[in-house]
Amino acid sequence: MLSWSLNMNRIQLKRSRILRMALNDSGPADQEGREPFLVRAVKIALVVALYWFVSITMVFLNNYLLDSKDLDAPLFVTFFQCIVSVCLCGVMNVLSIMYPSCVDFPSIKVDLKVSREIMPLSVVFISMITFNNLCLKNVGVAFYTVGRSLSTVFNVLLSYVILKQTTSMYAMLCCGVILGGFWLGVDQEGEAGSLSWSGVFFGVLASACVSLNAIYTKKVMPVVDGSIWKLSYYNNLNACALFLPLMIVFGEFGRLASFSQLLNMNFWGMMVVGGVFGFAIGYVTGLQIKYTSPLTHNVSGTAKACAQTVLAVMYYHTSKSGLWWTSNLMVLGGSSAYTWVKGLEMKKPSPPPRESSEDEEKLLKGDSGV
């Protein structure tokens with residue numbers, strides 16, 4: 001009887017020890033400086049929540065600024081956000097010099113040689129953000145997820161055309177689901193009488209530019225020593241210069257001169273806030289990838305798009321059909337499945353190395369994968 005009682009006490013002690021280790025992540029890992037499990041879980045939850053807040057708020061803010069009936073100047077709105085991003089990069093640079101222990105930001109300065117080398121990417125960059133905003137302006141937030149859903153399909157297409165990278169059958173099936181959801185969404189928007197063909201067109205162009213931007217970004221990263229902040233600085237700096245002639249060609253300066261709210265501080269306050277959120281999205285994206293993984297970031301982005309669509313329908317009090325919601329589910333489900341398939345493919349062991357041909361070596365040196 002005594003031995004049975006001692007055994008039960010040992011079992012309870014072991015169970016309580018296992019429970020403490022699970023909650024506190026104690027054991028040898030603690031001696032190496034790892035954080036307790038609950039602390040890490042709370043940090044990850046806060047980072048993901050911050051990413052969702054910044055990303056969703058930025059979309060609604062841009063929609064508000066671009067949907068103004070008095071000011072039809074989408075290029076100017078994007079141009080101003082680029083100016084804010086350049087200024088914030090300068091502020092962060094100064095803070096990193098004054099408080100190096102608190103602010104970690106690379107040293108930046110205007111280098112015309114670097115600016116020229118990044119210029120092709122900057123052209124793709126301004127095309128991406130311009131078409132992105134034009135799509136948002138014409139289709140609204142609710143249809144925005146579907147309107148901009150073809151980035152994954154263009155990733156596969158451009159990877160094959162430019163980099164000669166083949167894609168698995170499972171990944172192609174996922175792209176087929178995304179395409180089906182896109183066409184069903186367009187059809188349902190037409191049935192509801194709210195379809196904007198120009199918005200769909202800009203959404204397709206924006207999706208293509210997102211894929212090109214990913215390819216060119218990896219290609220020019222060595223120019224900025226692999227720093228995403230330096231790349232953001234030069235991209236936005238070049239964009240400011242490129243937007244000026246475009247604004248002249250499209251007559252946006254004339255519209256600005258006749259804008260009734262030009263001296264309204266509330267308008268400029270919203271413009272600055274939009275620029276700050278545009279700058280912050282780069283930071284919170286990197287933060288989410290750092291605390292989770294690129295795969296988890298993609299899953300989080302898909303879930304965020306779903307929540308964003310639901311919020312838009314609720315906020316604008318619109319009624320959508322069952323097939324319209326099905327199109328969104330197809331797009332989001334196909335995107336999630338593609339992320340999952342690519343994640344599984346990346347975990348497979350790599351084939352043994354073989355001698356590369358001269359063309360392959362040039363490709364690897366000149367063009368990186370998506």
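The shown structure was predicted, so the numbers you read here are calculated from the model rather than taken from an experiment.

**Student:** How would you explain the pattern of salt bridges if you had to name every residue and give the values?
**Tutor:** In the structure shown here, the tally under the stated rule is 3 salt bridges. Of the charged contacts, one joins D225 and K230 as a salt bridge, the two residues approaching to 3.3 Å between their closest N and O atoms.

**Student:** Please give an account of the packing of helix α3 (residues 37-66) against helix α5 (residues 112-139) that cites residues and values.
**Tutor:** Direction vectors running N to C along α3 and α5 enclose 75°, while the axes themselves pass 9 Å from each other. Comparing their axes, α5 and α3 come out roughly perpendicular. Of the residues in α5, those touching α3 at V59, N62, N63 and L66 are N133, L136 and K137. Class assignment of the residues belonging to the contact of α3 with α5 gives a composition of 3 nonpolar, 3 polar and 1 charged.

**Student:** Explain unusual backbone geometry residue by residue, including any values.
**Tutor:** If you check the backbone angles, D225 has positive phi at about 60° while not being a glycine. Its location among the elements puts D225 in the loop between α9 (197-220) and α10 (228-249). Unusually for a residue other than glycine, H317 sits at a positive phi of about 55°. Here H317 is to be found in the loop between α13 (294-315) and α14 (322-347). Exposure remark for H317: the relative accessible area of 72% places this residue in the exposed category.

**Student:** How would you explain the environment of W325 if you had to name every residue and give the values?
**Tutor:** In this structure, W325 sits in helix α14. Take W325: its relative accessible area is 30%, and that puts it in the partly exposed class. Along the primary structure W325 and V310 are separated by 15 residues, whereas in three dimensions their C-alpha atoms are 9.6 Å apart. Once residues within four sequence positions are removed from consideration, W325 is found in contact with T309, V310, V313 and K320.

**Student:** Report on the packing of aromatic side chains, specifying residues and quantitative values.
**Tutor:** Describing an aromatic ring pair means giving the distance of the ring centres and the angle of the ring planes. According to the stated counting rule, one finds 17 aromatic pairs in the structure shown. Seen from their ring centres, F105 and W229 are 5.5 Å apart, and the 40° between their planes marks the pair as tilted. Of the two residues, F105 sits in the loop between α4 (74-98) and α5 while W229 sits in helix α10, which places them 124 residues apart along the sequence. W229 matches F105 in its accessibility class, with the two residues each being buried. Ring centres of F182 and W183 lie 5.4 Å apart, and the angle between their planes is 70°; this geometry places the pair in the edge-to-face category. Residue classification places W183 among the exposed residues on the basis of a relative accessible area of 54%. Every member of this aromatic cluster is reached through a ring pair, and the members are F76, F80, F259, F267 and W268.

**Student:** I'd love a proper account of the packing of α3 against α4, names of residues and values included.
**Tutor:** Running from N to C, α3 and α4 point in directions that differ by 135°, and their axes come no closer than 10 Å. As judged from the angle between their axes, α3 and α4 are oblique. Relative to α4, α3 is oriented so that their crossing is right-handed. Residue-level contacts link N62, L65 and L66 of α3 to P74, V77 and Q81 of α4. Grouping the constituent residues of the contact of α3 with α4 by class yields 4 nonpolar, 2 polar and no charged.

**Student:** I'd like a rundown of the confidence of the model for the protein, residues and numbers included.
**Tutor:** Of all residues in the protein, 84% attain a pLDDT of 70 or more, and the chain-wide mean is 79. When pLDDT is averaged over each element of the protein, α4 comes out on top at 91 and helix α2 (residues 28-31) at the bottom at 40. Counted against residues more than four places away or in other chains, residues 18-32, with its pLDDT under 50, gives 16 contacts. Within the model, the stretch residues 355-370 combines pLDDT values under 50 with 20 contacts to residues more than four positions away or in other chains.

Reading the values: rules and limits
- Per-chain numbering applies: the sequence of each chain, read as written, is numbered from 1 onward.
- Reporting of local features is limited, given that this is a predicted model, to residues whose pLDDT is at least 70; pairs of side-chain atoms are given and counted only at 80 or more, and all residues count toward the totals for whole chains, interfaces and linings.
- Processing note: side-chain calculations cover all non-hydrogen atoms of the structure and skip hydrogens and water entirely.
- Counted as salt bridges are all cases of a side-chain nitrogen of Lys or Arg within 4 Å of a carboxyl oxygen of Asp or Glu.
- Axis definition: a line fitted to C-alpha atoms, over the contacting stretch in the case of helices. Angles run 0 to 180 degrees between N-to-C directions.
- Note on conventions: DSSP H or I runs of at least 4 residues are helices, E runs of at least 2 residues are strands, and numbering of each starts at the N terminus.
- The scheme is simple: roughly parallel for angles under 35 degrees, roughly antiparallel for over 145, roughly perpendicular for 65 to 115, oblique for anything else.
- Two residues form a contact once any of their heavy atoms are found within 4.5 Å.
- Amino acids are sorted into nonpolar (Ala, Val, Leu, Ile, Met, Phe, Trp, Tyr, Cys and Pro), charged (Asp, Glu, Lys and Arg) and polar (every other residue, Gly among them).
- Partly exposed describes any residue whose relative accessible area lies between the buried limit of under 20% and the exposed limit of over 50%, with all areas from a 1.4 Å probe on protein chains only and scaled to the type maximum.
- Whether two aromatic rings pair depends on their centres lying within 6.5 Å, for rings of Phe, Tyr and Trp, where Trp uses its six-membered ring; planes under 30 degrees apart make the pair stacked, over 60 edge-to-face, and the rest tilted.
- Left-handed describes a crossing whose near helix is turned anticlockwise from the far helix through less than a right angle; right-handed describes the clockwise counterpart.
- Residue-level confidence of the predictor is what pLDDT reports, using numbers from 0 through 100.

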